[in-house]
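# An overview of the molecular structure
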Amino acid sequence: MTTALIVIDVQHSFTQRPSFETDGLAAYLAAQNRLIEGFEAAGLPIVRVFHVQPDATGADPFSLESGHVRPLEGLRDFKADLTVHKTRHSALVGSGLDVWLTQQGIRQLVISGIRTEQCCETTTRHASDLGWEVIYVPEATLTFTMQHPDGSPLTPAQLRARTAAVLDGRFARIMNAEGALRAVTQKDAAIA
């Protein structure tokens, strides 16, 4: 097992934020769930990452006390080989994930989750800099409309395209879900 699927921040917390949008949610979940299904079928490890914020009052939907740090509705139920909590954009900072991946002999990561241009992109860059091979699956990431400094909108499709462009060939290989599953299962079968 040299490849792991990283499922980043696919949590109910986002539904409690005003920026949450359902446009694109069904397509994202279909791609995300396909990756999970494929990794399960291949017997490859899946890591669940939750973003958490300290807030004993539970007012922050990303605090454990809020009750919102749980899988997003519609996400395929799966048994994670590891679940970590992170407090930074990169899933590799302060979560112990890097140590576990190294101990397991994982050499390649498939990155998916929420948000495309934040935690998914940051984790991809960080993982690449630390020496992991990375496959980034834009269709298996979700984000929400942002604004340029001039107030004009930056759509989720534009954010996904921009993120793919800046990561491709520098920090990751960009693939769709089916391509990633083919690449991963062929590579791991060849190694076994």
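Quick summary incoming for the structure in this document. Predicted model, so just to flag it, every value in this text is computed and none were measured.

What counts and what doesn't
Residues numbered from 1 in each chain as written. Predicted model: local features only at pLDDT ≥ 70, side-chain atom pairs only at ≥ 80, totals over all residues. Heavy atoms only, no water. Disulfide = S-S within 2.5 Å. Buried < 20%, exposed > 50% of the residue type's maximum accessible area, 1.4 Å probe, protein only. Helix = DSSP H or I, 4+ residues; strand = E, 2+ residues; numbered from the N terminus. Contact = heavy atoms within 4.5 Å. Core = buried A, V, L, I, M, F, W, Y, C linked by side-chain atoms within 4.5 Å. Pairing = 2+ DSSP bridges. Axes fitted to C-alpha atoms, helices over the stretch in contact; angles between N-to-C directions. Phe/Tyr/Trp six-rings, centres within 6.5 Å; stacked < 30°, edge-to-face > 60°. Lys NZ or Arg CZ within 6 Å of the ring centre and 35° of its normal. Salt bridge = Lys/Arg side-chain N within 4 Å of Asp/Glu carboxyl O.

With that out of the way, let us pick up the state of the cysteines. Applying the stated criterion across every chain, the model contains zero disulfides. Unpaired in terms of disulfides, Cys 119 finds its nearest cysteine sulfur in Cys 120, a separation of 7.0 Å. The exposure class assigned to Cys 119 is buried, which follows from its relative accessible area of 6%.

Moving on to the environment of Ile 6. Here Ile 6 is to be found in strand β1 (residues 3-8). Linking Ile 6 and Val 69, residues 63 residues apart in sequence, is a C-alpha distance of 17 Å. In this structure Ile 6 touches Val 47, Val 49, Leu 101, Leu 109, Val 110, Ile 111 and Ser 112, once residues within four positions along its chain are discounted.

What follows covers the nonpolar core. By size, the foremost hydrophobic cluster in this structure holds 32 residues, and its most contacted members are Leu 5, Leu 35, Phe 39, Val 110, Ile 114, Ile 135 and Val 137. Those elements giving two or more residues to this core turn out to be β1, α1 (25-42), β4 (108-114), β5 (133-142) and α5 (177-191). Tallying contributions element by element places α1 first for this core, with seven residues. Not counting the four nearest positions on each side in its chain, Ile 135 is found in contact with Gln 108, Leu 109, Val 110, Ile 111, Arg 173, Met 175, Ala 180, Ala 183 and Val 184.

Quick look at the sheet that holds β4 now. Spatially, β3-β2-β1-β4-β5-β8 is the arrangement adopted by the six strands of the open sheet, whose pairing is parallel. Single-partner strands in this sheet number two, and they are β3 (82-86) and β8 (173-174). Across two bridges, the pairing between β5 and β8 is parallel. When the sheet's bridge partners are listed, Ile 135 is paired in β8 with Arg 173. On top of the sheet, helix α4 (residues 156-167) reaches β5 and β8; it is set at about 175° to β5, its chief contact.

Before going further, it helps to examine the environment of Val 69. Within the fold, Val 69 resides in the loop between β2 (46-51) and β3. Taking C-alpha positions, Val 69 is 8.9 Å from Asp 9, a pair spaced 60 residues apart along the chain. Each residue touching Val 69, except ones within four places of it in the same chain, is listed here: Gln 11, Ser 13, Phe 50, His 51, Val 52, Pro 61, Phe 62, Ser 63 and Leu 64.

Another aspect to go through is the packing of aromatic side chains. This structure, assessed with the given rule, holds three aromatic pairs. Seen from their ring centres, Phe 14 and Phe 62 are 5.0 Å apart, and the 85° between their planes marks the pair as edge-to-face. Of this pair, Phe 14 sits in the loop between β1 and α1 while Phe 62 sits in the loop between β2 and β3, and the two are 48 residues apart along the sequence. Here the two residues Phe 14 and Phe 62 agree in accessibility, since each one is buried. Across the ring face of Phe 78, the terminal group of Arg 48 is positioned such that the distance to the ring centre comes to 4.0 Å.

Next up on the list: the pattern of salt bridges. Scanning all chains against the criterion turns up eight salt bridges. Between Glu 40 and Arg 76 there is a salt bridge; the shortest N-O distance is 2.9 Å. In this pair, Glu 40 sits in helix α1 while Arg 76 sits in the loop between β2 and β3, placing the two residues 36 residues apart along the sequence. Notably, a salt bridge pairs Arg 162 with Glu 121, separated by 2.6 Å at the nearest N-O pair.

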